[in-house]
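# Geometric and topological summary
Read off the chains here:
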Protein chains: 6
Amino acid sequence: MTADFTTEPTTAPASDTTAETRQDRFERGMEVLDRVDGESGQRVIDALADINPELGHQVVAWGFGEIYNRPGLSPRDRQLVTLGMLTALGGCEPQLDVHINAALNVGLTRDEIAEALLHTAVYCGMPKAINATFVAKKVFGERGLLKDS
Amino acid sequence: MTADFTTEPTTAPASDTTAETRQDRFERGMEVLDRVDGESGQRVIDALADINPELGHQVVAWGFGEIYNRPGLSPRDRQLVTLGMLTALGGCEPQLDVHINAALNVGLTRDEIAEALLHTAVYCGMPKAINATFVAKKVFGERGLLKDS
Amino acid sequence: MTADFTTEPTTAPASDTTAETRQDRFERGMEVLDRVDGESGQRVIDALADINPELGHQVVAWGFGEIYNRPGLSPRDRQLVTLGMLTALGGCEPQLDVHINAALNVGLTRDEIAEALLHTAVYCGMPKAINATFVAKKVFGERGLLKDS
Amino acid sequence: MTADFTTEPTTAPASDTTAETRQDRFERGMEVLDRVDGESGQRVIDALADINPELGHQVVAWGFGEIYNRPGLSPRDRQLVTLGMLTALGGCEPQLDVHINAALNVGLTRDEIAEALLHTAVYCGMPKAINATFVAKKVFGERGLLKDS
Amino acid sequence: MTADFTTEPTTAPASDTTAETRQDRFERGMEVLDRVDGESGQRVIDALADINPELGHQVVAWGFGEIYNRPGLSPRDRQLVTLGMLTALGGCEPQLDVHINAALNVGLTRDEIAEALLHTAVYCGMPKAINATFVAKKVFGERGLLKDS
Amino acid sequence: MTADFTTEPTTAPASDTTAETRQDRFERGMEVLDRVDGESGQRVIDALADINPELGHQVVAWGFGEIYNRPGLSPRDRQLVTLGMLTALGGCEPQLDVHINAALNVGLTRDEIAEALLHTAVYCGMPKAINATFVAKKVFGERGLLKDS
């Protein structure tokens, strides 16, 4: 991952005039998914293959290829919005795991992520803020980022 | 399970004029529960017996005996509504397990259930659609219905 | 609207091998949107034009063109799932208005819709079931479908 | 309303051995509804009559006749639980209106209700606590209970 | 724990005129946390220390020191509101564990807690009522309070 | 508002060693509230004065004085998280109104806000993304920021 990526996507977005196949759109999405979510995103797509492959296709081709790939908001900014949403929705611990990893991948620091989750307590209440924070604890532990307490 | 059941319940509903005891209503509900949810529904009722038996009674006597048993919507249609609700609510993985089994019991196919869960992505977003789909993967695996991937 | 449409979409889905522009996909979505949601769907897209036209594009091109248009689940079945989701999510009264209209458009009867909303009380609780039912009352009133009470 | 009612219901609950018709159960529920929710509860039931009368029946016969009427928790305690739930669910402002009235009817004071809604901020976050509090402001205003500010 | 505590907190609240440090406020909160949540609350604060110590500080200093400690609502009443909120939010099983313990600590009986969770079925639906009840089953089991079934 | 403020708060945070009164903390919070939310925040606090003044105090003294004021995350970043949370929670249109104004106040552009709300469709689904976008349409219209459509 390059420093540039943390501010701007580099894959060309779908245009109104260029014709693309489903496969073209899937491939563009996979490039974005790889950069943002890395291995943990790939594992979700693989796990969907024998139960709902079309859902896996749409996560990649639409979610990443059409939306994440747009130039109007940096990947770092998108992860801030995403951390807020996943904390507020509740019950999305598996997705928080993927996206706290993604947040680190696109340039948010450990301390910024912890601060963002503290911020969620004001709007979502303490239980959801705590649940999200314990997912961050697991991810930071796996990546050797936990503070000595 | 008969083919008829997939479109119409056969247990008489409560009437305005016939007097019934709590036990009568519980027994009617158990007949409906057995046909719709099968063993997995029975296990929930059993597990409630030592902590909140009245909640178990009401799930059976009211939920199944009074509502599920009404003739105005087929059991198959009720499970489509139910899959949508449980996916949207979030955090209801145990109930999705019971009702994906129920959906198969009342005539929805493996592919229709997967398609319904894909459809939830439009209204509930990807995380809840994925969470529900992984419950379906578990249930389909237990019933030998997973595709070779 | 034809009787056939209530069970099967007639627009060809995107294929893996045919190349399409964004405009092609938008046009396919508009055909599906027109049949399912009718005028009330069009009004939402129009209202998004000056604030977030890309969101309007994605509702049409992705939601309707890619997902609703798939042959694996009938339009009537999709509306049953959708009524369940929108009731469970809460705060989606504008969308319930559009989709209770849609439900009538694709072949669900007034009584089946009311029964589906009664069914939601078991899973979502009384408040959400009542909120959704009052949206149905507004829609049924506008379409001359209210019972004499 | 008598002081006794604030701690114990006085209507006999359904028994396992006494047979009752649907109408019997509805009438018991109406007695409880009248005492707890008063006129605002009756208006909800009336408004359901031409769209979903069975939902109105079940709110009364089941919600109030079977659950609210049980002796194991006082009406005041039930309203505390209910205020917490309705605030947390979100989008239930019409039901908060009915149940803040109910809370006053069963003996909670204006200040206790405001304190309970302040308490919700810790668990539900500020937005939901504020939304619920503005419903209380409307109800207190209608009943002449607002503080001079 | 004394009987007095079940109706009134005994720690002096923050006043408008007395100056306090962050540490003062944290210490007041810890006194309240200890009485209400006991060991299970302490474990949450400890687990936050190496990932988000400020969140732990705010749970204690603000949630318990500023809100729980206020005299306007008894600890027993606060737990009734809290059980309602945590059940309605969904996905808050870890917090329900802490607060069902807390509910017992401040004077709610086993049967009142089970009745409160039955009551949630009317407003939150059966799935959330059942999920909360199974947390109560775990807590009651750990404290030797389960009925012989 | 100065350009500096869009990246770093300038009010000193509460320290562990400096003693403050409730009034001191309220005043610090009001400085932050004024810069972030402006008039629309002040109106909420005023409206709480005659119903729940302590809730207004805590929004200001805690939410803004203790959390928003921390240096670990810029005001612009906090609004991105906040837009995500308020969209995901649902039923928080009044708060979205305040915070879309706040987002503009702290340096997010009209197009970045629209893009962030498009991004929410992936995680929260179309209905919540559309509901939030219509609040943005109202706010942008009031501030003369709508595109000619």
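Residues numbered from 1 in each chain as written. Chains lettered and ligands numbered in written order. Predicted model: local features only at pLDDT ≥ 70, side-chain atom pairs only at ≥ 80, totals over all residues. Heavy atoms only, no water.

## Digging into the interface of chain F and chain A
With 31 residues of chain F in contact, the opposing surface of chain A contributes 31 residues. At the boundary of chain F with chain A, total buried surface from both sides reaches about 2900 Å², with 73% on carbon and sulfur atoms. Linking chain F with chain A are six salt bridges. Where chain F packs against chain A, one counts 14 residue pairs in polar contact (both at pLDDT 80 or more). Every element with two or more residues in the side of chain F that touches chain A is listed here: α3 (53–68), α4 (75–89), α6 (110–124) and α7 (126–142) of chain F. Of the residues forming the side of chain F that touches chain A, the biggest block, 11 residues, is contributed by α4(F). For the side of chain F that touches chain A, a count of residues per class yields 17 nonpolar, seven polar and seven charged. (Contact = heavy atoms within 4.5 Å. Buried area = accessible area lost by both parts, 1.4 Å probe. Salt bridge = Lys/Arg side-chain N within 4 Å of Asp/Glu carboxyl O. Polar contact = N/O pair within 3.5 Å; in protein donor to acceptor, adjacent residues only side chain to side chain. Helix = DSSP H or I, 4+ residues; strand = E, 2+ residues; numbered from the N terminus. Nonpolar A, V, L, I, M, F, W, Y, C, P; charged D, E, K, R; others polar.)

## Quick look at the relation of the copies chain F and chain D
Rotating chain F by 120° and moving it 0.0 Å along the rotation axis overlays it on chain D with an RMSD of 0.0 Å. Taken together, the turn and the small shift mark the pair as related by a three-fold rotation axis. Measuring from the rotation axis to each C-alpha of chain F, the shortest distance belongs to G91(F), at 2.8 Å. (Least-squares fit on C-alpha atoms with pLDDT ≥ 70 in both.)

## Focus: the packing of helix α1 (residues 22–36) of chain C against helix α3 (residues 53–68) of chain C
Residue and element names in this part refer to chain C. Remark: α1 packs on α3, axes separated minimally by 7 Å, with the N-to-C direction vectors making an angle of 75°. Taken as axis vectors, α1 and α3 run roughly perpendicular relative to one another. Only E54, H57, Q58, V60, A61, F64, G65, E66 and Y68 of α3 make contact with α1, whose side of the interface consists of R22, R25, F26, R28, G29, M30, V32, L33 and V36. Per-class residue counts for the contact of α1 with α3 are nine nonpolar, four polar and five charged. (Axes fitted to C-alpha atoms, helices over the stretch in contact; angles between N-to-C directions. Parallel < 35°, antiparallel > 145°, perpendicular 65-115°, else oblique.)

## Details of the interface of chain F and chain D
Each partner contributes to the interface: chain F provides 18 residues, whereas chain D provides 18 residues. Where chain F abuts chain D, roughly 1600 Å² becomes buried across the two surfaces, and 73% of that area is made up of carbon and sulfur atoms. Where chain F touches chain D, the interface holds one salt bridge. A salt bridge links K137(D) to D50(F), with the nearest nitrogen and oxygen atoms 3.1 Å apart. Only α2 (39–48), α3, α4 and α5 (93–105) of chain F provide two or more residues apiece to the side of chain F that touches chain D. The element that contributes the greatest number of residues to the side of chain F that touches chain D is α3(F), accounting for five residues. A per-class count over the side of chain F that touches chain D returns 12 nonpolar, four polar and two charged.

## Section: a negative patch on the surface
Residue and element names in this part refer to chain A. Together, D24, E27, E31 and D34 give the surface a local cluster of negative charge. Within the secondary structure, D34 is located in helix α1 (residues 22–36). For D34, a relative accessible area of 43% corresponds to the partly exposed category. (Patch = residues over 30% accessible without salt bridge, like charges linked within 9 Å, V, L, I, M, F, W, Y side chains within 5 Å. Areas by Shrake-Rupley, 256 points an atom, 1.4 Å probe, with all protein chains shown as cover. Lys, Arg positive; Asp, Glu negative; His and termini not counted. Charge placed at Lys NZ, Arg CZ, Asp CG, Glu CD. Buried < 20%, exposed > 50% of the residue type's maximum accessible area, 1.4 Å probe, protein only.)

## Here's the deal with helix α2 (residues 39–48) of chain D
An α-helical turn contains 3.6 residues, so any two residues separated by three or four positions project in the same direction. The complete set of buried residues in α2(D) reads S40(D), G41(D), I45(D) and L48(D). Axial view of α2(D): buried residues confined to an arc of 145°, hence all on one face. In α2(D), the exposed positions angled more than 90 degrees off the buried face are occupied by E39(D) and R43(D). In this structure, the buried side of α2(D) is in contact with α7 (126–142) of chain C together with α1 (22–36), α3 (53–68) and α5 (93–105) of chain D. (Arc of directions from axis to C-beta.)

## Regarding the relation of the copies chain F and chain A
Between chain F and chain A, the superposition needs a rotation of 180° and an axial shift of 0.0 Å, giving an RMSD of 0.0 Å. Here the transformation between the copies is reduced to the relation of a two-fold axis. Both copies share a contact surface, since 100% of the interface residues of chain F are interface residues in chain A too.

## Observations concerning the side chain of E66(F)
Counting through the fold element by element, E66(F) comes out in helix α3. Judged by its relative accessible area of 6%, E66(F) is buried. In terms of polar contacts, E66(F) uses its side chain to reach the side chain of R25(E), at 2.8 Å. In this structure the side chain of E66(F) is engaged in a polar contact, spanning 3.0 Å, whose partner is the side chain of Q58(E).

## A few points about the domain arrangement of chain A
Residues and elements named next belong to chain A. Domain boundaries assigned for chain A yield domain 1 (21–70) and domain 2 (73–144). Each of domain 1 and domain 2 was reduced to a C-alpha centroid, and the two centroids are 21 Å apart. Of the residues lining the interface, 10 residues belong to domain 1; the matching set on domain 2 comes to 10 residues. Of all residues in domain 1, V36, D37 and Y68 give up the largest surface area on contact with domain 2, accounting jointly for 59% of the area buried on that side. Linking domain 1 to domain 2 there are five residue pairs in polar contact (both at pLDDT 80 or more). Mapped by element, the contributors of at least two residues to the side of domain 1 that touches domain 2 are α1, α2 (39–48) and α3 (53–68). Classifying every residue of the side of domain 1 that touches domain 2 gives four nonpolar, three polar and three charged. (Domains from an automatic or database assignment.)

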